[in-house]
Amino acid sequence: MLEWSIDALKAVPEIGHIVVALPAGVQAPAGTSGVVGGQERSHSVRAALHHTLAGDPVLVHDAARPLVTPEIIRACLAGLDAEADAAIASARVTDTVKEQADAAGPPTVARTLDRDRLWAIQTPQVFRREVLERALAQPHDVLAAATDDASIVEAMGGTVRLVESPRDNLKITTPDDLRLAESLLKAR
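What comes next is a walk through the structure. All figures in this text were calculated on a predicted structure; none of them were measured in a lab.

### Notes on the side chain of Asp149
Now for step 1: Along the chain, Asp149 turns up in helix H6 (residues 149–155).
Now for step 2: On the accessibility criterion, Asp149 (0% relative accessible area) is buried.
Now for step 3: In this view, Asp149 contacts Arg41, Ser42, Val45, Val60, Gln125, Phe127, Leu132 and Leu136; residues no more than four positions away in its chain are not counted.

See the structure below:
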């Protein structure tokens, strides 16, 4: 899965340096630099950021999204306009989404959310370097609670642009996801 993502990143000339956060003892793929990742996602991003070349912007991508394409990467880079601190790949939510009530006992619905305003967030996520550095300098508990780096930038008052991306830029979390990704890659 990592190689699929790296191939897409290498196909974008604007990407000058690829740093991969890896478990200790794992060697970085050819053409990349490797760093030991952290206990939490944001800790791994922080470790990788410290090993990137100076410059702006910085792109963060999860290898768990191996269906990323050069077109998605370019769109996110282009989405970081002069007024934005970040630009993130995202897909419109098509399912009806319900919020669970806080009551004890079996889960019940508190309300139905307006799906016209909902987006499923993906990677890549592109940041202004100094904004990402400030975000990743937050205390350990803030980083540990973050499900993505853009949420930390949001909490700091930053402007995050949504860049529409196809739903097939899916995250591999289950064996079914992997089978679907393999099928989609074969179809390409």
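What follows picks up the thread again.
### Digging into the pattern of salt bridges
Now for step 1: Taken as a whole and assessed by the stated rule, the structure comprises nine salt bridges.
Now for step 2: One salt bridge connects Asp149 with Arg41, and the closest N-O pair in it is separated by 2.6 Å. Here Asp149, found in helix H6, pairs with Arg41, found in helix H2 (residues 41–49); they are 108 residues apart in sequence, far enough to count as distant.
Now for step 3: When the shortest N-O distance is used, the salt bridge between Arg129 and Glu133 registers 3.7 Å. Taken together, the residues span about one helical turn, with Arg129 and Glu133 both in helix H4 (residues 129–136) at a distance of four residues.
Now for step 4: The class for Arg129 is buried, based on a relative accessible area of 13%.
Now for step 5: Taking the relative accessible area as the measure of exposure, Glu133 reaches 38% and is therefore partly exposed.
Now for step 6: Three or more residues joined by partner-sharing salt bridges are found here, namely Arg41, Asp62 and Asp149.

### Examining the packing of H2 against H4
The geometry of a pair of packed helices is captured by two quantities: the angle between their axes and the separation between those axes.
Now for step 1: As a packed pair, H2 and H4 sit with axes 10 Å apart at the nearest point and diverge in direction by 135°. One way to sum up the angle between H2 and H4 is to call them oblique. Our pair here, H2 against H4, has a crossing hand that is left-handed. Across from Ser42, Val45, Arg46 and Leu49 in H2, the residues of H4 making contact are Arg129, Leu132, Glu133 and Leu136.
Now for step 2: In terms of residue class, the contact of H2 with H4 is built from four nonpolar, one polar and three charged.

### Let's talk about the sheet that holds strand S4 (residues 86–92)
Now for step 1: What the four strands build is an open sheet, ordered S3-S7-S4-S8; its pairing is mixed. Because the sheet does not close on itself, it has two edges, and the strands there are strand S3 (58–60) and strand S8 (160–164). The sheet shows a mean angle of 35° between the axes of neighbouring strands, direction not considered.
Now for step 2: With six bridges connecting them, S4 and strand S7 (residues 119–127) associate as antiparallel partners. Residue pairing across strands places Ala87 opposite Val126, the latter belonging to S7.

Calculation notes
- Residues numbered from 1 in each chain as written.
- Predicted model: local features only at pLDDT ≥ 70, side-chain atom pairs only at ≥ 80, totals over all residues.
- Heavy atoms only, no water.
- Helix = DSSP H or I, 4+ residues; strand = E, 2+ residues; numbered from the N terminus.
- Buried < 20%, exposed > 50% of the residue type's maximum accessible area, 1.4 Å probe, protein only.
- Contact = heavy atoms within 4.5 Å.
- Salt bridge = Lys/Arg side-chain N within 4 Å of Asp/Glu carboxyl O.
- Axes fitted to C-alpha atoms, helices over the stretch in contact; angles between N-to-C directions.
- Parallel < 35°, antiparallel > 145°, perpendicular 65-115°, else oblique.
- Left-handed = near helix turned anticlockwise from the far one by under 90°.
- Nonpolar A, V, L, I, M, F, W, Y, C, P; charged D, E, K, R; others polar.
- Pairing = 2+ DSSP bridges.

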